[in-house]
Amino acid sequence: MELFKRRPLCVCCGLFLLFSYISAKLMPADKIFLLIGVLAIFILLAIVGRIFRLEKYGFFSLLMCLLFILGALANNLLRVELPKTQAEKYLGERSAVMNVIEREHYSSYSSSYVVDVTEIDGEKTSVRALVVLGFGAEELSVGDALRADVEFYRPDASVMGQTGYQRTDREDVTIVAAVYESDSVAVRRFDRDMSFFGKLFSQNGVSVLIYELRSSVAARIDKCLGESVGALANAYLTGDKSDIEVSTVRDYRRSGISHLFAVSGMHVSILLGAIELLLKKLYCRKSLRCVILSVCALGLLCLTGFSMSAMRSVFMLFAVYITFLLSEENDSPTSLFVAVSVIILITPYAIYELGMWMSFLATLAVITFYPLIERAIPRLSKKKAGRALRALYAIPRACLLTAGGTVAATMFLLPVSWAIFGEISLVAIPANIVMSPLATVFLILSALAALCCNIPLISYAIRYLAAGVSSLMTLLVENFSGLDIATVSLGYPFAKWLVIVFTAIVAVMLMIRISRKI
């Protein structure tokens, strides 16, 4: 109860997230029984409280918690399970009209795209599907529409040698559409010559504008930096790892620095921090800076294709700004829990996104335990030390803070590392200490490359600097990941119980920490 008094909204959103995750792991029938049970408890408590006139604050807090639990269960049932059930009624041969929203795979022999199905056998509908073309065809692009005779399958069914789950990792795909005959396909190309506002208000126009923005930025970066360095720059700036070699992604994961590829708090703080610094130099009021930075944050979301880690960071930023505009105060844990709850409300399939949960846990570790580390390693005051000594002390202090933040994040991510990857990186601390400043420099150079690619002298300077930093980062990552002690396996039988005990200890520490002033 003390925790609820301290941070009521944080506790309610925490319960919403917990039961959203539990609901995602249950079978549909189990979800319904759990929903009915919680609803019965809610009604019973409301009646008991009315009859016996229980203490208002405690009773109200309990009902609020139950209400958020009901919301989590109902949200998953109505917005995840119901669309899946509705989609399955279309299984079999059908005639469908589809709009392309994302390309998954393309070759001269076959291709696959994520589509919105708007019409099936003349009936208006709204179904997210994966369409698989089993023949060589002209490449489709985001915004294009096609009418075809298709055969619908469940996502777990084998279609042309692979299941839908093997072809895409998008959880919102509820059905797979296979097209076997090229003669049955009619394509209508999206008119890309329309004006900005014409595209904006056309069907699927927002997706097209986001796609064109990302493609334009990627092309500008490739023009300035070249394909190899540009691929890495695109991963850092937009989170798009499609052009990076699998071995490079593996090396980053083994080194414990794969978070650098996810546009998250670090990326948002660096990019928006530079804009805020410029606005401060122009003497903009803080309220105006909040509005401008919010607009820039939305642009960054579009640039990342609304990735979950970026949405978490930006929504948390919005929560901070709204709190400032209303009360001049900010509560980081509440902002984080509210931000992630809003993401799941807007995009309920985010509950299945591993990246979002890893980003959430790492951020939770930083905002709860990093302040303790920061207070334990204080800055030198101007009265006690000169400028040279303070500058000399800043380097080991920054290294210790980075190491402490890495340890805290690793503690919170241990259950995920055990359940998903089966291993944990032992070189994450030195790798983060060395790579974090280099990643910051490379991220800034990537942003400058997108902005200044047409300015001759500046673009050349950026190209050579970025190439040098990229080569150094690649060399360091290869050396870190190549060490025999780079990772340790968590596949041993006793690791399960160690992880459970460790997770329980961390959960208790987190409860104690959040119940106090941070």
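The rules behind these values
Residues numbered from 1 in each chain as written. Predicted model: local features only at pLDDT ≥ 70, side-chain atom pairs only at ≥ 80, totals over all residues. Heavy atoms only, no water. Helix = DSSP H or I, 4+ residues; strand = E, 2+ residues; numbered from the N terminus. Rg over C-alpha atoms; globule rule 2.2 N^0.38 Å. Buried < 20%, exposed > 50% of the residue type's maximum accessible area, 1.4 Å probe, protein only. Areas by Shrake-Rupley, 256 points an atom, 1.4 Å probe, with all protein chains shown as cover. Lys, Arg positive; Asp, Glu negative; His and termini not counted. Charge placed at Lys NZ, Arg CZ, Asp CG, Glu CD. Salt bridge = Lys/Arg side-chain N within 4 Å of Asp/Glu carboxyl O. Phe/Tyr/Trp six-rings, centres within 6.5 Å; stacked < 30°, edge-to-face > 60°. Core = buried A, V, L, I, M, F, W, Y, C linked by side-chain atoms within 4.5 Å. Contact = heavy atoms within 4.5 Å. Pairing = 2+ DSSP bridges. Patch = residues over 30% accessible without salt bridge, like charges linked within 9 Å, V, L, I, M, F, W, Y side chains within 5 Å. Axes fitted to C-alpha atoms, helices over the stretch in contact; angles between N-to-C directions. Left-handed = near helix turned anticlockwise from the far one by under 90°. Nonpolar A, V, L, I, M, F, W, Y, C, P; charged D, E, K, R; others polar. Disulfide = S-S within 2.5 Å.

Quick look at the overall build of the protein chain
The helix and strand tally for the protein chain stands at 18 helices and 10 strands. For the protein chain, whose C-alpha radius of gyration is 25 Å, the value lies close to the compact-globule estimate of 24 Å for 518 residues. Per-residue burial for the protein chain yields a buried fraction of 43% across its 518 residues. Of the accessible surface of the protein chain, which amounts to about 27,400 Å², a share of 65% is contributed by carbon and sulfur atoms. Across the protein chain, the centroid of the 49 positively charged side chains sits 16 Å from that of the 41 negatively charged ones.

A look at the pattern of salt bridges
One pass over the structure, following the stated rule, counts 15 salt bridges. Between Arg 103 and Glu 139 there is a salt bridge, with its nearest N and O atoms 1.8 Å apart. One end of the pair, Arg 103, is in strand β1 (residues 92-106); the other, Glu 139, is in the loop between β3 (123-133) and β4 (145-153), and 36 residues separate them in sequence. On the basis of relative accessibility, which here comes to 48%, the residue Arg 103 falls in the partly exposed class.

Remarks on the packing of aromatic side chains
Evaluated as defined, the whole model comprises 6 aromatic pairs. When the ring of Tyr 236 is compared with that of Phe 442, the centres are 5.3 Å apart and the planes differ by 75 degrees; the resulting orientation is edge-to-face. Placement of the pair is Tyr 236 in helix α8 (residues 227-238) and Phe 442 in helix α16 (residues 428-452), with a sequence separation of 206 residues. Overall, Tyr 236 belongs to the buried group, its relative accessible area being 0%.

Focus: the nonpolar core
One finds Leu 225, Tyr 236, Tyr 252, Phe 360, Met 435, Phe 442 and Met 473 to be the most contacted residues of the largest nonpolar core, which totals 94 residues. With 11 residues, α16 is the single largest residue contributor to this core. When neighbours within four sequence positions are excluded, Met 473 is seen to be in contact with Leu 232, Tyr 236, Tyr 252, Met 435, Leu 438, Ala 439 and Phe 442. With 22 residues, the next largest nonpolar core counts Tyr 90, Val 117, Val 131 and Leu 146 among its residues.

Digging into the pairing of β4
In this structure, β1 lies alongside β4, joined through 8 bridges in antiparallel fashion. Within β4, the residue paired with Val 97 across the bridge is Arg 147. Two strands pair when backbone bridges link them, and β4 and strand β8 (residues 186-188) are joined in this way by 3 bridges, in the antiparallel orientation. Bridging from a neighbouring strand, Ala 145 pairs with Arg 188 of β8. For β4 and strand β7 (residues 175-179), the ladder comprises 3 bridges, and the chain directions are antiparallel. Among the inter-strand pairings, Glu 151 is bridged to a residue of β7, identified as Ala 178.

Focus on unusual backbone geometry
Positive phi, close to 55 degrees, is recorded for Asp 121, a residue that is not glycine. Inspection of the secondary structure assignment puts Asp 121 in the loop between β2 (111-120) and β3. The class of Asp 121 is partly exposed, set by a relative accessible area of 44%. If you check the backbone angles, Tyr 283 has positive phi at about 60 degrees while not being a glycine. Tracing the sequence through the fold places Tyr 283 in the loop between α10 (265-281) and α11 (286-303).

What about a nonpolar patch on the surface?
Among the surface-exposed residues, Leu 426, Leu 483, Ile 485 and Val 488 lie close enough to one another that they form a single nonpolar patch of about 350 Å² accessible area. Along the chain, Val 488 turns up in strand β10 (residues 487-489).

Thoughts on the packing of α10 against α11
Where α10 meets α11, the closest approach of the two axes is 10 Å, and the angle between their N-to-C directions is 145 degrees. Handedness of the α10/α11 crossing: right-handed. When α10 is examined against α11, the residues Val 268, Leu 271, Leu 272, Ile 275, Glu 276, Leu 279 and Lys 280 are found in contact with a partner set consisting of Arg 289, Ile 292, Leu 293, Cys 296, Ala 297 and Leu 300. Tallied by class, the residues present in the contact of α10 with α11 amount to 10 nonpolar, no polar and 3 charged.

Digging into the packing of helix α14 (residues 354-376) against helix α15 (residues 387-421)
Packing of α14 against α15 brings their axes to within 9 Å, and their N-to-C directions diverge by 145 degrees. Viewed along their axes, α14 and α15 form a crossing whose handedness is right-handed. Within the contact between the two elements, α14 uses Leu 354, Met 358, Leu 361, Ala 362, Leu 364, Ala 365, Thr 368, Phe 369, Tyr 370, Ile 373 and Glu 374 and α15 uses Arg 397, Leu 401, Gly 404, Gly 405, Ala 408, Ala 409, Phe 412, Leu 413, Val 416, Ile 420 and Phe 421. A class-by-class count of the residues in the contact of α14 with α15 yields 17 nonpolar, 3 polar and 2 charged.

What to know about the environment of Ser 158
Looking at the secondary structure, you find Ser 158 in strand β5 (residues 158-159). With relative accessibility at 52%, the residue Ser 158 sits in the exposed group. Once the C-alpha coordinates of Ser 158 and Val 176 are considered, the two residues, 18 residues apart in sequence, prove to be 9.7 Å apart.

Topic: the state of the cysteines
Going through the model one piece at a time under the given rule, you end up with 0 disulfides. The thiol sulfur of Cys 10 is not disulfide-bonded, and the nearest other cysteine sulfur, from Cys 13, lies at 7.5 Å. There is no disulfide at Cys 296, and the cysteine sulfur nearest it, in Cys 284, is 11 Å away.

Overview of the side chain of Ser 112
When you line up the elements, Ser 112 lands in strand β2. In this view, Ser 112 contacts Arg 103, Glu 104, His 105, Leu 130, Val 131 and Val 132; residues no more than four positions away in its chain are not counted.

By themselves, these figures tell us nothing about what the structure is for.
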